[in-house]
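Reading the structure
Residue strings, one per chain:
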Amino acid sequence: MAKLLVAYASMTGNTEEIAELIVEGITQGGHEADLKSVTDCNASDVLDYDGFMIGVYTWGDGELPDEFLDFYEELDELDLSGKRAAVFGSGDTSYEQFCGAVDLAAAKLQERGAEVSPEMLKIEYSPLEQEKETCRDFGKRFAAAGLQVS
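Residues numbered from 1 in each chain as written. Predicted model: local features only at pLDDT ≥ 70, side-chain atom pairs only at ≥ 80, totals over all residues. Heavy atoms only, no water.

**Here we look at the overall build of the protein chain**
For the protein chain, the helix and strand inventory stands at four helices and six strands. The order of helices and strands in the protein chain, counted from the N terminus, is β-α-β-β-α-β-α-β-β-α. Taken along its principal axes, the extent of the C-alpha atoms in the protein chain is 40 × 35 × 25 Å. For the protein chain, the residues scored as buried account for 49% of the 150 residues in total. Across the protein chain, contacts joining residues at least 24 apart in sequence account for 80% of those joining residues at least 6 apart. For the protein chain, the exposed surface amounts to about 7,100 Å²; the carbon and sulfur share of it is 44%. Each charge class in the protein chain was averaged separately, 11 positive and 31 negative side chains, and the resulting centres sit 7 Å apart. (Helix = DSSP H or I, 4+ residues; strand = E, 2+ residues; numbered from the N terminus. Buried < 20%, exposed > 50% of the residue type's maximum accessible area, 1.4 Å probe, protein only. Contact = heavy atoms within 4.5 Å. Areas by Shrake-Rupley, 256 points an atom, 1.4 Å probe, with all protein chains shown as cover. Lys, Arg positive; Asp, Glu negative; His and termini not counted. Charge placed at Lys NZ, Arg CZ, Asp CG, Glu CD.)

See the structure below:
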């Protein structure tokens, strides 16, 4: 059974809702997950888990939100080699870069050596009813994939 961390930054609750649905999927798949706001944890906490998922909403035209910056900068101090990770988030398609912060977070994790899932979950605003199962499945698939890593 994998033990995962799902850490997120959320201002309006959209990314938090996505994170909660992902955790539901992880636990439905028989795995453990801790859900934490990035304001309540440090980036180094990811080292205590079999894998981790980072959720971040996009601010403005593709920027990282202020409350995510400390966590993001702390990643520079970590060697994430061999750590499994995935990234998800919410955004607004009216901006040129939809969910640009998700891409920035994924690039940072790769730069630090993490094995980042090529699948990223990007949701406009809050998940619609049909997207809720997509969020749960995202968590289930990520947790199950950890069982195949040697």
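After presenting the structure, the write-up continues.
**As for the packing of aromatic side chains**
Here the structure, examined in full by the defined rule, presents two aromatic pairs. Measuring from ring centre to ring centre gives 6.1 Å for Phe68 and Tyr72, while their planes differ by 45 degrees; the resulting arrangement is tilted. On the criterion of helical spacing, the pair formed by Phe68 and Tyr72 is a turn pair, its members being four residues apart in helix H2 (residues 66-74). For the pair Phe68 and Tyr72, a shared accessibility class is recorded, and that class is buried. (Phe/Tyr/Trp six-rings, centres within 6.5 Å; stacked < 30°, edge-to-face > 60°.)

**Concerning the environment of Ala85**
Note that Ala85 resides in strand S4 (residues 84-91). C-alpha of Ala85 to C-alpha of Leu5: the two residues are 80 residues apart in sequence and 9.5 Å apart in space. Leave out the neighbours within four places in its chain, and Ala85 touches Phe52, Leu109, Ala114, Glu115, Val116, Ser117 and Phe142.

**Points about the nonpolar core**
One finds Phe52, Phe68, Phe71, Leu80 and Leu109 to be the most contacted residues of the largest nonpolar core, which totals 28 residues. For this core, the secondary-structure elements that each account for two or more residues are strand S1 (3-9), strand S3 (51-56), H2, S4 and helix H3 (100-111). Of all the elements, H3 adds the most residues to this core, at five residues. Residues contacting Phe52, with those up to four places away along its chain left out, are Leu5, Val46, Leu80, Lys83, Arg84, Ala85, Ala86, Leu109 and Phe142. Judged by nonpolar contacts, the second largest core, of 20 residues, contains Ala2, Ile22, Met53 and Ile123. (Core = buried A, V, L, I, M, F, W, Y, C linked by side-chain atoms within 4.5 Å.)

**Looking at the environment of Ala2**
In this fold, Ala2 is placed in the segment before S1. With 130 residues separating them in the primary sequence, Ala2 and Lys132 have C-alpha atoms 22 Å apart. For Ala2, the residues in contact, after removing those within four places along its chain, are His31, Glu32, Asp50 and Ala143.

**Let's talk about the UniProt feature "domain: Flavodoxin-like" (unreviewed entry) in the protein chain**
Within the UniProt annotation, "domain: Flavodoxin-like" (unreviewed entry) is assigned to residues 4-143. Annotated as 36% helix and 23% strand, the span residues 4-143 places its first and last C-alpha atoms 8 Å apart. (UniProt positions renumbered as here; feature names shortened; annotations may be inferred.)

**Digging into the pairing of S3**
Here S3 lies mainly inside the structure; six of its six residues are buried. With burial as the criterion, each face of S3 is covered, one bearing Gly51, Met53 and Gly55 and the other bearing Phe52, Ile54 and Val56. Taken together, the six bridges between S1 and S3 define a ladder with parallel strand orientation. Bridge pairing in S3 places Leu5 opposite Phe52. In the sheet, S3 pairs with S4 via five bridges, with the strands oriented parallel. By the bridge assignment, Gly51 is partnered in S4 with Arg84. For the handedness criterion, the β-α-β arrangement of S3, H2 and S4 is classed as right-handed. (Pairing = 2+ DSSP bridges. Right-handed = clockwise from strand over helix to strand, strands pointing away.)

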